[in-house]
Amino acid sequence: MTDKIYNDSEEKMKKSYQSIQKEFAGLRTGKASASLLDNVRVDYHGTIRPLNQLASISAPEIRLLIVQAWDKTTVGEISKSIQKADLGLNPQVEGKKDKAINEDDHKKGAEKIQKLTDHYISMIDDLMGNKEKEIMEV
């Protein structure tokens, strides 16, 4: 009887551990990871498919993911699916000839957004630190 309880407990703990591993893979640590998009599903001609079956995903920089669709017709659906996944990502489709802003304005805007992002990351880090202290209090 105790062996059965032990084995059942071990199986449940193993599943819990695997679930946490999966969740942690999706947590953003400030470093881009292709695994962040593992759960994104895309409607491909009426069939729901994992994103990694429709595009290559890479993280060439610490805060950048590049998704390259193998079929140009899926770009719109891929972008929508990433937004719907609610991961806090903002897909930008590139390759269009018409530019809405010049490079200088783009650079200034990107720097301004980065400062704002860093500010909010700092605020969230403070929240997490406070919550961690609260949880660790006995």
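The numbers attached to residues start from 1 for each chain and follow its sequence in the written order. Given that the model is predicted, a residue must reach a pLDDT of at least 70 before its local features are reported, and side-chain atom pairs must reach 80 or more before they are shown or counted; all residues, however, enter totals for whole chains, interfaces and linings. In computing side-chain values, all of the structure's heavy atoms are included and hydrogens and water are not.

### Some details on the overall build of the protein chain
Helix numbering and strand numbering both begin at the N terminus, where a helix is a DSSP run of H or I of at least 4 residues and a strand a DSSP run of E of at least 2. When its secondary structure is counted, the protein chain shows three helices and four strands. Taken from N to C terminus, the helices and strands of the protein chain fall in the order α-β-β-β-β-α-α. Relative to its 138 residues, the protein chain shows a buried fraction of 9%. For the accessible areas, the method is Shrake-Rupley and the probe is 1.4 Å, while residue cover comes only from the protein chains on display. When the accessible area of the protein chain is evaluated, it comes to approximately 12,000 Å², of which 53% is carbon and sulfur surface. Accessible area is worked out with a 1.4 Å probe on protein chains only. A residue is then buried under 20% of its type maximum, exposed over 50%, and partly exposed in between.

### Structural notes on the pairing of strand β3 (residues 55-61)
If DSSP finds at least two bridges between two strands, the strands pair. In the sheet, β3 pairs with strand β4 (residues 64-69) via five bridges, with the strands oriented antiparallel. By the bridge assignment, I57 is partnered in β4 with V67. Two successive antiparallel strands, β3 and β4, enclose a turn made up of two residues.

### Topic: unusual backbone geometry
Located in the positive-phi region is H45, a residue other than glycine, with phi close to 50 degrees. With respect to the helices, strands and loops of the structure, H45 is situated in the loop between β1 (41-44) and β2 (47-50). According to the relative accessible area criterion, H45 is exposed, its value standing at 63%.

### Examining the pattern of salt bridges
Within this document, salt bridges are pairs made up of a side-chain nitrogen of Lys or Arg and a carboxyl oxygen of Asp or Glu, the two lying within 4 Å of each other. Tallied over the full model, the rule gives one salt bridge. Residue E77 pairs with K80 through a salt bridge whose shortest N-O separation is 3.5 Å. Here the residue E77 and the residue K80 both occupy positions in helix α2 (residues 75-84), the gap between them amounting to three residues, near one helical turn.

### Quick word on a nonpolar patch on the surface
On the surface, I113, L116, Y120 and M123 cluster together into a nonpolar patch covering about 390 Å² of accessible area. By the element assignment, M123 lies in helix α3 (residues 103-136). M123 sits in the partly exposed class, given a relative accessible area of 39%. Patches in this entry comprise residues that are over 30% relatively accessible and not in a salt bridge; like charges within 9 Å are linked, as are nonpolar side chains (Val, Leu, Ile, Met, Phe, Trp, Tyr) within 5 Å.

### Here we look at the nonpolar core
Residues L37, V40, V42, L51, L54, A55, I78 and I82 constitute the largest nonpolar core, which totals eight residues. Leave out the neighbours within four places in its chain, and L37 touches L51, I57, L65, V67, I82, L87 and L89. Only buried residues count toward a nonpolar core, which is a set of Ala, Val, Leu, Ile, Met, Phe, Trp, Tyr and Cys residues joined through side-chain atoms within 4.5 Å. We call two residues contacting when some pair of their heavy atoms lies within 4.5 Å.

### Describing the pairing of β2
Sheet analysis places β1 next to β2, joined by four bridges and oriented antiparallel. Across the sheet, residue R41 finds its bridge partner in β2, namely P50. Hairpin geometry of β1 and β2 is characterised by an intervening segment of two residues between the two adjacent antiparallel strands and by a positive phi of about 50 degrees at H45.

### So, the side chain of S81
Note that S81 resides in helix α2. A polar side-chain atom of S81 sits 3.1 Å from the main-chain carbonyl oxygen of R41. Apart from residues lying up to four places away in sequence, S81 is in contact with V40, R41, V42 and D43. Whenever a nitrogen or oxygen atom comes within 3.5 Å of another N or O atom, the pair is scored as a polar contact, on the condition that within protein one atom can donate a hydrogen and the other can accept it, and that pairs from neighbouring residues in sequence are kept only if both atoms are in side chains.

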